There are 4 protein chains.
Amino acid sequence: MTDISRDDNQLMSLDDDTLHEECGVFGILGHPDAATLTALGLHALQHRGQEAAGIVSYDGNQFCSERRMGLVGDHYTNPATLAQLPGDRAIGHVRYSTTGDAALRNVQPLFAELEIGGIAIAHNGNFTNGLTMRRKLIADGAICQSNSDTEVVLHLIARSRSTSSSDRFIDAIRQMEGGYAMLALTRTKLIAARDPIGIRPLVMGDLNGKPIFASESCALDIIGAKFVRDIENGEVVVCEIQADGSISIETFKPQNPKPERLCLFEYVYFARPDSVVGGRNVYTARKNMGINLAKEAPLEADVVVPVPDGGTPAAIGFAQASGIPFELGIIRNHYVGRTFIEPTQSIRAFGVKLKHSANRAVIEGKRVVLVDDSIVRGTTSVKIVQMIRDAGASEVHIRVASPMIFHPDFYGIDTPDADKLLANQYADLDAMCAYIGADSLAFLSIDGLYKAVSGAPRDPRSPLFTDHYFTGDYPTRLLDKDGPDNVRQFSLLANNG
Amino acid sequence: MTDISRDDNQLMSLDDDTLHEECGVFGILGHPDAATLTALGLHALQHRGQEAAGIVSYDGNQFCSERRMGLVGDHYTNPATLAQLPGDRAIGHVRYSTTGDAALRNVQPLFAELEIGGIAIAHNGNFTNGLTMRRKLIADGAICQSNSDTEVVLHLIARSRSTSSSDRFIDAIRQMEGGYAMLALTRTKLIAARDPIGIRPLVMGDLNGKPIFASESCALDIIGAKFVRDIENGEVVVCEIQADGSISIETFKPQNPKPERLCLFEYVYFARPDSVVGGRNVYTARKNMGINLAKEAPLEADVVVPVPDGGTPAAIGFAQASGIPFELGIIRNHYVGRTFIEPTQSIRAFGVKLKHSANRAVIEGKRVVLVDDSIVRGTTSVKIVQMIRDAGASEVHIRVASPMIFHPDFYGIDTPDADKLLANQYADLDAMCAYIGADSLAFLSIDGLYKAVSGAPRDPRSPLFTDHYFTGDYPTRLLDKDGPDNVRQFSLLANNG
Amino acid sequence: MTDISRDDNQLMSLDDDTLHEECGVFGILGHPDAATLTALGLHALQHRGQEAAGIVSYDGNQFCSERRMGLVGDHYTNPATLAQLPGDRAIGHVRYSTTGDAALRNVQPLFAELEIGGIAIAHNGNFTNGLTMRRKLIADGAICQSNSDTEVVLHLIARSRSTSSSDRFIDAIRQMEGGYAMLALTRTKLIAARDPIGIRPLVMGDLNGKPIFASESCALDIIGAKFVRDIENGEVVVCEIQADGSISIETFKPQNPKPERLCLFEYVYFARPDSVVGGRNVYTARKNMGINLAKEAPLEADVVVPVPDGGTPAAIGFAQASGIPFELGIIRNHYVGRTFIEPTQSIRAFGVKLKHSANRAVIEGKRVVLVDDSIVRGTTSVKIVQMIRDAGASEVHIRVASPMIFHPDFYGIDTPDADKLLANQYADLDAMCAYIGADSLAFLSIDGLYKAVSGAPRDPRSPLFTDHYFTGDYPTRLLDKDGPDNVRQFSLLANNG
Amino acid sequence: MTDISRDDNQLMSLDDDTLHEECGVFGILGHPDAATLTALGLHALQHRGQEAAGIVSYDGNQFCSERRMGLVGDHYTNPATLAQLPGDRAIGHVRYSTTGDAALRNVQPLFAELEIGGIAIAHNGNFTNGLTMRRKLIADGAICQSNSDTEVVLHLIARSRSTSSSDRFIDAIRQMEGGYAMLALTRTKLIAARDPIGIRPLVMGDLNGKPIFASESCALDIIGAKFVRDIENGEVVVCEIQADGSISIETFKPQNPKPERLCLFEYVYFARPDSVVGGRNVYTARKNMGINLAKEAPLEADVVVPVPDGGTPAAIGFAQASGIPFELGIIRNHYVGRTFIEPTQSIRAFGVKLKHSANRAVIEGKRVVLVDDSIVRGTTSVKIVQMIRDAGASEVHIRVASPMIFHPDFYGIDTPDADKLLANQYADLDAMCAYIGADSLAFLSIDGLYKAVSGAPRDPRSPLFTDHYFTGDYPTRLLDKDGPDNVRQFSLLANNG
């Protein structure tokens, strides 16, 4: 994926020109190493958010919280830190900031002391009525400490008149719209919930009889837990430790049933290749995208070169289907990461080269097919094509393993404004190709994508997935955006301390 | 003052064996250097709290907050930090922790975004119904983020149905009991309030027509502001910037009038010697305590030695009244401060010597009168007497410039449990003297103290001050402590992040 | 590469089970953005050392130095840091610790003030007579501040009686034995030197007429500099800014000529795939290793799976030569890096899974060929084979794209003791295969490796490369190790401050 | 003391307008708590240097070093830090920077690994031939890592051809000129040395038979050690642990005997009041200065006010001798210290008020005598007089308890250039008084000072002390300053890392 989604800050030309998923969640109940296993699960989910990570545990007496900026491995593998998180139940969260700045008080899990005892929640997704609800709560005397829309849920739980913590949780999420995979931890319960149409993924696992929930199956694999099943769309699962130490598991469907529509971008870009999402292996889906792309947009060329790392599985598929050799024509420098903070103007000018370099030996004099997972704004594609040409390619062709992106997301993906999207800036494919400077450009069709993932083309009457960024077919109403109140963010405290 | 009030932590024998005031406040409206002046004012109030300091300013557009652990001079003199606090109105706070741990989220000013705009509050004092109110709020769905009883006021403001911020503020403090000097900053207003009987001090100043409020007059002196008057007990002063830039000042008395009873310990120990509190210079009051003490408990001796720095003014008075020479027989090491954190057991054993050393040349072979401001538990006195004897004193007499302390405080002074107080541990003065190891021991009488401060003895029917630690005469009810609900602190989140 | 070289610390099972190169160097003369370009060059060389980085510049008036633990991008992209490095000439260094602890004073470049002006040096490699020389210098009154053998060179320069800085530099390196690529910066000169047989690589580049030296060509590519040539073995190049601003370039061969013998491990593992080392593209060499390996040790299988990232080019070659499909059967978690410091025992037990996870969908039921670049101790290989079997592979075959390692290195590669090497622990290939748990195991032959890199088999009378870890044929004497003095490290100061 | 000695940095108007002593030293041999006792001793010597502190210990196996910026209590009371300093022998150092910047590598003790084993040295004082020697050493191939002239001694020790460490130490100091109190620690020896005329003080103590050396006796008092004697001028004391655990003590006088001339400023300002320096109690000497000053410059006034804290003992003496009451008319804010780093221009303008405030109640309408220990540049005096007048004084008289300062120091006191000294800027006392804005101004005479300290006036043929800042009578030649070589500091490396 080769586009920039954040043009308003200085990381612009350094940060991946990508769509950003904001979060991953993990929770476990009844295991003596709860915090350690949560740290490992979050490490496996690190690709879903590298900005901050937090864990809350309960030790039978009090809730314990550690929330830190940075990678899981920077903090949560330190024995001293884990010692601050005793107890046999814990939930954790990794985040990439979306609704809210990077301040520590926005780092999840969030916690509230309720009359009936404490509750911590961790959330992947975004509410389409979050600002509307926030405004109502403030008008009603609530004090919001974070910018996070997750805090809205916490206030609704606190204000619920239900007596059980799980009923309060259900009261709260019933009032929320949008996409979410959410975990909650009370003194005795671990609760998992997925939004009514299942936009964000959430799986259930089992480690020696102890229930686990995680955003992706790879978080189960790392700790050797069994995959049990996907949480269903609209489902709430309540696990509770009983007086005898056994664990009860109950499931609820508090909202009217609707067909599931998982976010297609989980397959295109977000999920880890080895995860099984919605019953489908992500790597295989991506390889299929490359295979279908080779069928839809065949060409003569000498080498297939992936734009690493996102484009690699599709490039392997493309190479196998086309018979054109797969070669590492672009080398990725993995030491960039969160580094290169505050680069000078002179460093920023080096842009894409900080992360990618052309491997001249396999490019020079060759007709190169670059395979990328997606294109958002196209600015990085321009630079990569130039870099490949500079390395001596005789032709540069781009094949994108997903359709053109026309529409922003409101369910937890950080997308640029619509007018910044490449697909909205140029009249047709030729114009885009000219802008990017390639010899040819092709995108996978929406049906080609559906077939790669599910084996069948898109059924317009009942699409299996949500694909609004490609089609504009939003699966829910967008209250904050379209509602009567023209809701805006309050001007919040600039807290530097 | 030579006693330890916190025996539950490792600073025990290093920290001053003193009573701790928890806070100082400062606010200014309408001055372009608002944050800088606030930093200077807080620096002058640093003796009221060294653990943390915070400033909130408003720049016409947004509120800005900096809250830091440590001294004012460690952070708030840095140009980069002050640049984060633009605007012509600000309030600030220094704290010594009382109700709440040291975590940054307890550092004031606290802030809330209200429907009618933001509000920041800063508080010196303690509420006697804070836990009771906190419990009610949580039962009603409020989410408390700090352990601070100040946050309770913020919730009451947020929940008030009044439309103006000052009315909301008055609604809130009407529900609170105890001792407080409180400042609030809204987008256009600077509000100051003092509890109904004026336990904690609060003064009003003026800098070129701009109103200032501060805990003590020394914070006015440092910036060259004029002292205007004390805020009266039970008074709320609301300063507001008008559309034309002028500042209106209104005063309210929202509660039934009662006689003022300022905390006597402000004179005995807390306030800075150069401050004028309740119209009386503190240094003069302390010197008078020493003069009266010399009259009440005269003796023959060779040198008057202050226990620095608290006992110095009284020692000067004692020396002048008795004709015995004043000498620096104890040298204080001012480099201790907040240092000597986490000392080893072997260092802790050096106890009082880390801060005080005997000046043998003026002690050896002499009959020494040690003058101290107060005795809390007496443990430090034991060590100082021993140190003076080791330096060769032929006799060691202790004269304490305040009465015996029998009762804990609930209005913002951090006192040990009653059974740890020296006065409650020994049957009579002789037993105390024997415990301390002195040749004689005498405390100033309560009338002697009243006369030193006000010129007249205590009127038992209507005491001019609150003196409950000496007399047990608490000036308010103590709802959290004595109420029907047996209110306890909720078991809160242990947040380490 | 799948072995552990450092079994004496807690990073053991987390750190790559790899051989570690200790350093990369970069220098530029005459460019106004010297420090920025050096930072970029070091970023491109980050794979050669992630532990610390330093830059020294000269601004015409004074030398300026920044040395930091951590990645280049963590520090040297910050405008404030670069502003501390003014001037149009600079050298820089990235290091992985070998001879010397991680303390900052060991971070290069090292600097000395000489009578003739200052000099800074940066060094990749290791001296085989470093300890011997160090002992002589101390006996002669030198004070050594670091543990680094590079400091020895600095002392020799300081003690040289030559009048020019380049003559002093040549005096010094003439006394040193071993492998090195070294840069020096004086007030007017940038000097580059390579050891007599050219064990460590060093290239010369040109950016708009300004000379550049770097460990690998990829550091030229990132800044758009032209590759000029390799520095020859035994060559010293002295570039000097003249009074008129022009730059003179002189070359010296101060030692008797010997045939070049570059370190083969640069091709096997160290150098970046896109670098051209000794005139040969590294990626192509590695792919050839895989091709030759497929010819030498063919088999029937369903998928070729690289052990990422080191094994990937060879796996591509193996797949192309064998016709067996290349698939990403192991997913690497790139967020590990230097993280996972001080992991708990419970986390350490997860070992290889923190970095690698099996992609079950392409492994289950398959006959898998794992292609790795090298095996050092074999402990990681054991875990990876088990992981692949757990993911359902029906057979697991290992193909290693280099020969067995029998001997330690003394030229700048951090190798375990000989008895820890897999090849020394088992009698034959079958025993190794059994230990690792694979169905078959094969290593590339030494001739296969030579052919992959150079096109011709090893000429035993005059090998093109140094290959002592495979063959025991050390290209120099080993004075510190074998000399008469039984030289040991002095017991040095444990400096924690 | 009320003058600014450093006008070239931003601390100018905040830092005390004082002369700065640069160092204090402490060492102990044979005690199991060596490092802890050293930390306590350094804490007692903190007034001699607040910028940095270091300790080196030897545990029988290796030397251990901790060197830190900041106060002793900030670091060396932490159990973890002390655990890094095992062993029964240690030396330590506190410093205020003089010759050398604040970088950590200048923090003492300095250490060198010699052929005969390691040696650490700690130094209070300054060499008058330090730069000359440094230049010679560099010309001879030495590499200097610090800017400290102490490092010169280390190089001379390293280069000595003597076989014993104490002989090498003596060889080295014989080549140095100036003022010094120096400690050295080898594997078995603790060595103490004082310069030939004893400019800097150094005392020997005893704790249960274990020898101790310290700059002042107050460092013995804090740990309960006995004072044994002053080290004589020109004396070297070598204590060595013998094979049987006993400690031998030998004394040497390697240089020609000269009469002792201790620095008078130790009595005037530097030493702690409770220290006994040269057999004389410092507090008593200062009080005598005030008594003599009252006799030399009597006046009618209402209150004697010390400029705290330096002027307090003299003010007590002045008050007792004059019969004018002693009052705390200036309150010092002890929370300034090293804080107020990088203040903004607007804060800097508050200057003296950050540290001192007038206590109006004892000043208003009064004739005030301000007693200060010394005046350097006079700039702070101007501000304090103004502050006292602003507080309502009817008259302000200044009495200075030492003579006018005309000449810079070269023996370890940080003095401004001669032309910045008040005494050199104005023609006579009246002009100085007018500049300062006082109603009268008087300095103690040199004879008055001598009598206060020693009981007798200055003997011009053989003065008991060095008093060059007052008289220009330098007790040694000044080679660096006056020598033929016009020695200057080399342009050193600006090391920020």
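Here the residue numbers are simple positions, counted from 1 along each chain's written sequence. Lettering of chains starts at A and numbering of ligands starts at 1, both following the order in which they are written. Only residues with pLDDT of at least 70 are given local features in this predicted model, and only at 80 or more are side-chain atom pairs given and counted; all residues enter the totals for whole chains, interfaces and linings. Values shown for side chains rest on all heavy atoms present in the structure; no hydrogens or waters enter the calculation.

**Looking at the pairing of strand S11 (residues 210-214) of chain C**
All names here are of chain C.
- Accessible area is worked out with a 1.4 Å probe on protein chains only. A residue is then buried under 20% of its type maximum, exposed over 50%, and partly exposed in between. Helix numbers and strand numbers start at the N terminus; a helix is a DSSP run of H or I with at least 4 residues, a strand a run of E with at least 2. Of all five residues in S11, four are buried; the element is thus mostly enclosed.
- Paired strands, in this sense, are two strands between which DSSP finds at least two bridges. Taken together, the three bridges between strand S2 (residues 23-29) and S11 define a ladder with antiparallel strand orientation. By the bridge assignment for S11, Ile28 is matched with Ile212.
- Where strand S10 (residues 203-207) lies against S11, five bridges are found, and the strand directions are antiparallel. What sits directly across from Gly205, in S11, is Ile212.
- Joining the antiparallel neighbours S10 and S11 is a turn of two residues, in which Asn208 adopts a positive phi near 55 degrees.

**Examining the relation of the copies chain C and chain A**
- Here the copies are superposed with least squares, the fitted atoms being C-alpha atoms of residues at a pLDDT of at least 70 in both. Overlaying chain C on chain A yields an RMSD of 0.1 Å, the required transformation being a rotation through 180 degrees with an accompanying axial translation of 0.1 Å. In short, the pair behaves as if placed about a two-fold rotation axis. Relative to the rotation axis, the C-alpha of C:His334 is the closest in chain C, positioned 3.5 Å from it.
- In this analysis, two residues are considered to be in contact whenever any of their non-hydrogen atoms come within 4.5 Å of each other. Both copies present the same face, since 100% of the interface residues in chain C are matched by interface residues at the equivalent positions in chain A.

**Details of the UniProt feature "active site" (unreviewed entry) in chain A**
Residues and elements named next belong to chain A.
- UniProt records the feature "active site" (unreviewed entry) for Cys23 in the present numbering.
- Within the fold, Cys23 resides in strand S2 (residues 23-29).
- Once residues lying within four places of it in the same chain are set aside, the contact partners of Cys23 are Arg48, His93, Val94, Arg95, Tyr96, His123 and Asn124. UniProt positions are given in the numbering used here, feature names are shortened, and annotations may be inferred rather than shown by experiment.

**Structural notes on the pattern of salt bridges**
- Throughout this description, the term salt bridge denotes a Lys or Arg side-chain nitrogen within 4 Å of a carboxyl oxygen of Asp or Glu. A complete count under the given rule lists 96 salt bridges over all chains for this structure.
- Where B:Arg458 meets B:Asp467, a salt bridge forms, and the shortest distance between an N and an O atom there is 2.4 Å.
- Relative accessible area serves as the criterion here: at 0%, B:Asp467 is assigned to the buried category.
- Here the salt bridges do not stand alone but share partners, grouping A:Arg48, A:Arg200, A:Glu216 and A:Glu266 into one network.

**Details of the interface of chain C and chain A**
- Contacts between the two partners involve 58 residues from chain C and, on the opposite side, 58 residues from chain A.
- Of the roughly 4600 Å² buried between chain C and chain A on both sides combined, carbon and sulfur atoms contribute 63%.
- By convention, the term buried area covers the 1.4 Å-probe accessible surface removed from two parts as they join, with the contributions of both added. Contact with chain A buries area across many residues of chain C, yet C:His43, C:Thr77 and C:Tyr335 alone supply 14% of it, more than any other trio.
- Across the contact surface, chain C and chain A share two salt bridges.
- Think of a polar contact as two N or O atoms within 3.5 Å of one another; within protein, one of them needs to be a possible hydrogen donor and the other a possible acceptor, and neighboring residues in sequence only count if both atoms come from side chains. Joining chain C to chain A, the criterion identifies 25 residue pairs in polar contact (both at pLDDT 80 or more).
- Those elements giving two or more residues to the side of chain C that touches chain A turn out to be helix H1 (34-44), helix H2 (72-75), helix H3 (79-83), helix H9 (282-296), helix H10 (312-322), helix H11 (345-348), strand S20 (356-358) and helix H12 (360-363) of chain C.
- For the side of chain C that touches chain A, the element with the highest residue contribution is H1(C), accounting for five residues.

**With respect to the sheet that holds strand S18 (residues 303-306) of chain C**
Residues and elements named next belong to chain C.
- Read across the sheet, four strands follow the order S18-S21-S22-S24 without closing on themselves; strand pairing throughout is parallel. If you trace the sheet from one side to the other, it starts and ends with S18 and strand S24 (440-443), each paired once. Averaged over all pairs of adjacent strands, the angle between their axes in this sheet comes to 20 degrees, without regard to strand direction.
- Examined bridge by bridge, S18 and strand S21 (residues 367-372) share four bridges and lie parallel to one another. Paired with Val305 across the strands is Leu370, a residue of S21.
- In this analysis, axes come from line fits to C-alpha atoms, helices being fitted only over the stretch in contact, and the angle between any two N-to-C directions falls in the range 0 to 180 degrees. Against the sheet, helix H13 (residues 379-390) contacts S21 and strand S22 (395-400), and its axis sits at roughly 145 degrees relative to S22.

**Side note on the sheet that holds strand S22 (residues 395-400) of chain A**
All names here are of chain A.
- Taken in spatial order, the four strands line up as S18-S21-S22-S24 in an open sheet, and their pairing is parallel. With partners counted over all chains shown, the strands left at the sheet margins are strand S18 (303-306) and strand S24 (440-443), one partner each. For this sheet, the mean angle separating the axes of adjacent strands, direction not counted, is 20 degrees.
- Sheet contacts for helix H10 (residues 312-322): S18, strand S21 (367-372) and S22; angle to S18, the most-contacted strand, approximately 165 degrees.

**Observations concerning helix H5 (residues 150-159) of chain D**
- Most of H5(D) is tucked away: 10 of the 10 residues are buried.
- Among all positions of H5(D), only D:Thr150, D:Glu151, D:Val152, D:Val153, D:Leu154, D:His155, D:Leu156, D:Ile157, D:Ala158 and D:Arg159 are buried.
- The secondary structure elements touched by the buried residues of H5(D) are helix H5 (150-159) of chain C together with strand S6 (110-114), strand S7 (117-127), helix H4 (130-139), helix H6 (165-174) and strand S8 (178-185) of chain D.

**Observations concerning the packing of aromatic side chains**
- For Phe, Tyr and Trp, rings pair up if their centres lie within 6.5 Å, where Trp contributes its six-membered ring, and each pair is then called stacked (planes under 30 degrees apart), edge-to-face (over 60) or tilted (otherwise). In the structure shown here, the tally under the stated rule is 50 aromatic pairs over all chains.
- Aromatic pair B:Phe410 and B:Tyr474: ring centres 5.7 Å apart, planes at 50 degrees, arrangement tilted. On the criterion of sequence distance, the pair formed by B:Phe410 in the loop between strand S22 (395-400) and strand S23 (413-414) and B:Tyr474 in the loop between helix H17 (468-471) and helix H18 (479-482) is long-range, its members being 64 residues apart.
- On the basis of relative accessible area, B:Phe410 is assigned to the partly exposed category, the value being 23%.
- Seen from their ring centres, D:Tyr426 and D:Tyr435 are 4.9 Å apart, and the 25 degrees between their planes marks the pair as stacked.
- Accessibility expressed as a relative area gives 27% for D:Tyr426, which makes it partly exposed.
- The class for D:Tyr435 is partly exposed, based on a relative accessible area of 29%.
- In textbook terms, an aromatic cluster arises when at least three aromatic residues are bridged by ring pairs, as seen for A:Phe265, A:Tyr269, A:Phe270, A:Tyr469 and A:Phe470.

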